[in-house]
Amino acid sequence: MKKLIVKSRLTDRSWFDRQMADIGQEMSPVVWLHERVYLPHDYRPAQNMPRLVLRTEVRQTDQPAVYNMYLKRHIEDSGVDWVNKTTIGDYTEASGIIHQLGFRKVAEVSRQRQEIWLDNRTAIFVDVVEGLDGVFLKIEADLDENESVEALRVDLFGILSMLGQKTFLMQSYFELIKDEIQEYLIP
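In every chain, residue numbers begin from 1 and rise along the written sequence. Two thresholds apply to this predicted model, a pLDDT of at least 70 for residue-level local features and 80 or more for giving and counting side-chain atom pairs, whereas whole-chain, interface and lining totals are computed over all residues. With hydrogens and water excluded, all non-hydrogen atoms of the structure serve as input to the side-chain values.

Caption draft 1: Examining the packing of aromatic side chains more closely. The aromatic pairing rule takes the rings of Phe, Tyr and Trp, using the six-membered ring of Trp, and pairs them if the centres are within 6.5 Å, calling planes under 30 degrees apart stacked, those over 60 edge-to-face and the rest tilted. Taken as a whole and judged by the stated rule, the model has four aromatic pairs. Ring geometry for Phe 136 versus Tyr 173: centroids 5.4 Å apart, planes at 70 degrees, classification edge-to-face. Residue Phe 136 is located in strand E8 (residues 136-142), and its partner Tyr 173 is located in helix H4 (residues 173-185); the two are separated by 37 residues in the primary sequence. The burial state of Phe 136 is the same as that of Tyr 173; both residues are buried. Numbering of helices and strands runs from the N terminus, with a helix taken as a DSSP run of H or I at least four residues long and a strand as a DSSP run of E at least two residues long. Burial here depends on accessible area, computed with a 1.4 Å probe over protein chains only, as a share of the maximum for the residue type. Under 20% is buried, over 50% is exposed, and the range in between is partly exposed.

Right, dumping it as structure tokens:
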């Protein structure tokens, strides 16, 4: 599935919540997500290479966790993300398969997420990511086969702007975490 994703550090959570309430939208209860991010052994940034993600998702503490595996590939020249997802029954075996395929674990990302679905293909996520300062606003939309990437991008940036965001981020959460860690490691 092709997706467009835009992300920003939320400038004012209270204002955002009021905006959502004013248009009759309410954030979901908090969902806890934990991801292990794997890259191919020969991974190079900005080369359209895949990454695999094992995600643990807990929507209700009295219910069992759900485990999913994602294959994500960001296509640099278009800004489109290819995302394939499947539910897995045995997390340990899936992890073993990923390692046998030559992928290596590069990061773990935990976050608490709330979401609003604007329609059947567009979601707004508000994420608090462990290890990163602030709250993040992320908008994802599935791209229809005959739809213009640029037109959808303009729509998503328009939504971001209406929600008070003036800047956006291109990096994934694991890249942001690695960047913040690097700042502390450099003498």
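Here the narrative resumes, following the displayed structure.
Caption draft 2: Quick peek at the side chain of Glu 140. Inspection of the secondary structure assignment puts Glu 140 in strand E8. Throughout this description, a polar contact denotes any pair of N or O atoms lying within 3.5 Å of each other; where both atoms belong to protein, one of them has to be capable of donating a hydrogen while the other can accept it, and for residues adjacent in sequence the pair is counted only when both atoms sit in side chains. Among the polar contacts listed, one links the side chain of Glu 140 to the side chain of Lys 138, at a separation of 3.4 Å. In what follows, a contact means two residues having at least one pair of non-hydrogen atoms within 4.5 Å. Not counting residues within four places of it along the chain, the set of residues in contact with Glu 140 comprises Lys 3, Leu 4, Ile 5, Arg 121, Thr 122, Ala 123 and Phe 125.

Caption draft 3: Structural context of the sheet that holds strand E2 (residues 31-40). What the eight strands build is a closed barrel, ordered E1-E5-E4-E3-E2-E6-E7-E8; its pairing is antiparallel. The average undirected angle you get between the axes of adjacent strands in this sheet is 35 degrees. Two strands form a pair only when DSSP identifies at least two bridges running between them. Of the strand pairs in this sheet, strand E1 (residues 2-9) and strand E5 (residues 80-87) are connected by two bridges, and their pairing is antiparallel. Each bridged residue has a counterpart across the sheet, and for Lys 3 the counterpart in E5 is Asp 81. The angle between two axes is taken between their N-to-C directions and runs from 0 to 180 degrees, where each axis is a line fitted to C-alpha atoms and a helix contributes only its stretch in contact. Helix-sheet contacts for helix H2 (residues 91-100) involve E2, strand E3 (50-58), strand E4 (66-75) and strand E6 (103-117), and the interaxial angle to E3 is about 170 degrees.

Caption draft 4: Structural context of the pattern of salt bridges. A pairing counts as a salt bridge when a side-chain nitrogen of Lys or Arg comes within 4 Å of a carboxyl oxygen of Asp or Glu. Applying the stated criterion across every chain yields a total of 15 salt bridges. One salt bridge in this structure joins Glu 115 and Arg 59, with 3.4 Å as the shortest N-O distance. Separated by 56 residues along the polypeptide, Glu 115 in strand E6 and Arg 59 in the loop between E3 and E4 bring together distant segments of the chain. Accessibility expressed as a relative area gives 13% for Glu 115, which makes it buried. Overlapping salt bridges bring together Glu 35, Arg 55, Arg 111, Arg 113 and Asp 127 as one network.

Caption draft 5: Just the pairing of strand E7 (residues 122-129), in detail. In terms of burial, E7 is largely enclosed, as seven of its eight residues are buried. Taken together, the seven bridges between E6 and E7 define a ladder with antiparallel strand orientation. Across the sheet, residue Glu 115 finds its bridge partner in E7, namely Phe 125. Hairpin connection, E6 to E7: the antiparallel pair is bridged by four residues. Examined bridge by bridge, E7 and E8 share six bridges and lie antiparallel to one another. Counterpart to Asp 127 in the pairing with E8 is Phe 136. Where E7 folds back onto E8 in an antiparallel hairpin, the turn is made up of six residues, including Gly 131, whose phi is positive at roughly 95 degrees.

Caption draft 6: Seen up close, the pairing of E4. Across eight bridges, the pairing between E3 and E4 is antiparallel. Bridge pairing in E4 places Val 53 opposite Tyr 70. Judged from the eight bridges that link them, E4 and E5 form a sheet pairing that is antiparallel. Pairing of Leu 71 across the sheet is with Asn 84, part of E5. In sequence, E4 turns back onto E5 through a hairpin of four residues, with Gly 79 there showing a positive phi of about 75 degrees.

Caption draft 7: Up close: the nonpolar core. What is meant by a nonpolar core is a set of buried Ala, Val, Leu, Ile, Met, Phe, Trp, Tyr and Cys residues, joined one to another through side-chain atoms within 4.5 Å. Counting residues in hydrophobic clusters, the biggest one holds 20 residues, and the most contacted among them are Phe 16, Ile 124, Val 126, Leu 137, Ile 139, Leu 156 and Leu 163. Sorting the residues of this core by element identifies E1, helix H1 (13-22), E7, E8 and helix H3 (149-162) as the ones contributing at least two each. Per element, the largest residue contribution to this core is four residues, and it comes from H3. In terms of nonpolar packing, the next biggest core, distinct from the first, is built from 15 residues, Tyr 70, Val 83, Leu 176 and Ile 177 among them.

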